[in-house]
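# Fold and geometry: a report
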Amino acid sequence: GLADIGVVGLAVMGSNLARNLARNGYTVAVHNRTPGRTRELLAAHGDEGAFVACATVPDLVASLARPRTVLVMVKAGDATDAVVEELARHLEPGDIVVDGGNAHFLDTARRERDLAARGLHLVGAGISGGEEGALTGPSIMPGGSEEAYATLGPMLERISAHVDGVPCCTHIGPDGAGHYVKMVHNGIEYADMQLIAEAYDVLRQGLGLSAPEIGEVVAGWSTGDLDSYLVEITAQVLAHVDAETGRPFVDVVADAAEQKGTGRWTVQSALDLGVPVTGIAEATFARALSGSAPQRAAAREAGLAARTAGWDVPDTPEGRAAFVEDVRRALYASKVVAYSQGFDQLAAASAEHGWDIDRGACARIWRGGCIIRARFLDRITQAYERDPELELLIADPVFAAAVGDGVASWRRVVAQATLNGVPVPAFAASLAYYDGVRAASLPASLIQAQRDLFGAHTYRRTDRPGVFHTEWSGDRSETRVDA
Ligand code: 6PG
């Protein structure tokens, strides 16, 4: 019989998704540019299900049932363009190309327009969960047309992770919406990781705990609000000892964080939309700072002094436990703010592009399979179910109470870290955002006045409508300029 789906690109993600599809009973046509990989896949895992090895793209296309569905798992950028173009030349109207890589959403929108003009569907699908998730059930964020989803959706939902019987896959919206949501997922991932790293650093420097000791603390966090995959793997990493030196593993890993770019894209898009995603931005900049070797060397050589105040933590079991609890609460509050900001970005992008993204559904499909998976995402889904138009996640009563409970701890941790020269950019930015967004008034009034003085940029008044300008260099009279 004909194959149900084709997979092009058999590096680890492509191979594992092909195996996942085959294990779920689909007949999977597989193709890789260098045929060795196709042979390896079949030799190692050919018995897991029905595979059809295809030497060429035309062979692959010929082996598929209609409408043909092909999942492309190659490097984002030129490689994706080349493969999509070659497929498009052999496919027929109504066929579907799924790009499962981390493409930029604007590239996806361009490719979709291009294929649509030829009667083909392009679906940009964000796929999260790394190697393991690809094989056993990832979180899948497909964009593209309703029509394409009608064919493709059931397959993707079947191979995705499931939580409480619900698939971690849903149709996100047209064109680049799926890749956009995956991009913001990655931005949130950066923020979450940075926040955990700051909590670790504060415990280390504030209490003098070793990595394995902090690993035990973090493992304990898995039973509460912070229960998540990232917290779980953090505990594992902190417990790990380097075989060569016998030292804690994190102590031998170079402290320069890398990135492949999705966090940076998230911040770039947020800047374009004017959405303050300070948690994600600080996390992205913190990676950049860690990798700024010449600047860090120059600062060390200049002996930039910390002039610290000393940790105000009573050296008793109770005092230390209370500080650990402060850090846990600060972490949760900061995390909620970072997610709230990410969901604001989704709302803004959705409005800008007319995608109609359901934020509650995004949180639901992130509960399993992906890197930020966590029980806590249930609460986000529930918040958007209570109010689908919710303007601010931390204004939802449940989150407002949760963040409110942690505020005193949050302030103590940021203050203590700051007094002692431990950088907590994501903790501090999240707290500053919280204080900014809840403030009755902001000093933006002064900014507006300054702008009017030096550039006649005009301002509004608090006491009556209209747009005004003051004659700063003349008699300081005010004129209404919008009437
Ligand atoms: C996933 C991950 C995966 C990868 C990111 C971040 O959801 O499976 O998000 O896509 O971890 O690309 O990678 P960098 O940290 O290298 O940017």
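Residues numbered from 1 in each chain as written. Predicted model: local features only at pLDDT ≥ 70, side-chain atom pairs only at ≥ 80, totals over all residues. Heavy atoms only, no water.

Definition in use: UniProt positions are given in the numbering used here, feature names are shortened, and annotations may be inferred rather than shown by experiment.
The name that an unreviewed UniProt entry assigns to the protein chain is 6-phosphogluconate dehydrogenase, decarboxylating, with the source organism given as Salana multivorans. Heading Function (unreviewed entry) of the UniProt record for the protein chain holds this comment: "Catalyzes the oxidative decarboxylation of 6-phosphogluconate to ribulose 5-phosphate and CO(2), with concomitant reduction of NADP to NADPH." The Catalytic activity (unreviewed entry) comment attached to the protein chain in UniProt states, word for word, "6-phospho-D-gluconate + NADP(+) = D-ribulose 5-phosphate + CO2 + NADPH".

## Regarding the overall build of the protein chain
Defined as follows: Each helix is a run of DSSP H or I of at least 4 residues and each strand a run of E of at least 2, with the numbering of both proceeding from the N terminus. Pairs of residues are marked as contacts when any of their non-hydrogen atoms sit within 4.5 Å. Neither His nor the chain termini are counted; the positive set is Lys and Arg, and the negative set is Asp and Glu. To locate a charge, the coordinates of NZ of Lys, CZ of Arg, CG of Asp or CD of Glu are taken.
The helix and strand tally for the protein chain stands at 20 helices and 11 strands. Each of the three principal axes of the protein chain carries a C-alpha extent, and together these read 80 × 70 × 50 Å. Of the contacts formed within the protein chain by residues at least 6 apart in sequence, a portion of 66% connects residues at least 24 apart. Taking the 43 positively charged and 62 negatively charged side chains of the protein chain as two groups, their mean positions are separated by 2 Å.

## Considerations on the layout of surface pockets
Here is the rule we go by: In the cavity and pocket records, a cavity denotes points on a 1 Å grid over the protein atoms alone where a 1.4 Å probe fits but cannot get out, a pocket denotes an open set with protein on both sides within 12 Å along at least 5 of 7 lines, and lining residues are residues with an atom within 4 Å of a point. Grid points are joined across faces, edges and corners, and a volume is the space filled by probe spheres set on the points. Residues are grouped as follows: Ala, Val, Leu, Ile, Met, Phe, Trp, Tyr, Cys and Pro are nonpolar; Asp, Glu, Lys and Arg are charged; every other residue, Gly included, is polar.
In this structure, the largest pocket encloses a volume near 1,700 Å³. Gln194, Ala197, Tyr200, Asp255 and Ser290 are the residues nearest the centre of the largest pocket, which is lined by 41 residues in total. Put simply, the parts of the chain that give the lining of the largest pocket at least two residues each are helix H8 (177–207), helix H10 (229–239), helix H11 (249–252), helix H13 (278–290) and helix H14 (293–301). In terms of residues, the lining of the largest pocket owes the most to one element, H8, which gives 10 residues. Partitioning the lining of the largest pocket into residue classes produces 27 nonpolar, six polar and eight charged. A volume near 1,300 Å³ is recorded for the second largest pocket.

## Some remarks on the environment of Ala338
Position of Ala338 among the secondary structure elements: in helix H15 (residues 317–353). Separated by 327 residues in sequence, Ala338 and Ala11 place their C-alpha atoms 33 Å apart. When neighbours within four sequence positions are excluded, Ala338 is seen to be in contact with Ala191 and Leu195.

## Examining the pattern of salt bridges
Convention followed: For salt bridges, the criterion is a side-chain nitrogen of Lys or Arg within 4 Å of an Asp or Glu carboxyl oxygen. Think of it in three bands: residues with accessible area under 20% of the maximum for their type are buried, residues over 50% are exposed, and the middle band is partly exposed, with areas taken using a 1.4 Å probe on protein chains only.
Evaluated as defined, the whole model comprises 32 salt bridges. Measuring nitrogen to oxygen at the nearest pair gives 3.0 Å for the salt bridge that ties Arg118 to Glu85. Of this pair, Arg118 sits in the loop between helix H5 (105–116) and strand E6 (121–128) while Glu85 is found in helix H4 (residues 78–90), placing the two residues 33 residues apart along the sequence. Assessed through its relative accessible area of 33%, Arg118 is described here as partly exposed. For Glu85, a relative accessible area of 28% gives the class partly exposed. Salt-bridge contacts for Glu478 lead to Arg464; the nearest nitrogen and oxygen are separated by 3.2 Å. With a gap of 14 residues between them, Glu478 in strand E11 (residues 478–480) and Arg464 in the loop between helix H20 (444–455) and strand E10 (468–470) connect regions that are remote in the sequence. A residue is classified by how much of its surface remains accessible, and Arg464, at 39% relative accessible area, is partly exposed. Each of Asp81, Asp99, Asp107, Arg110 and Arg111 takes part in one network of salt bridges that share partners.

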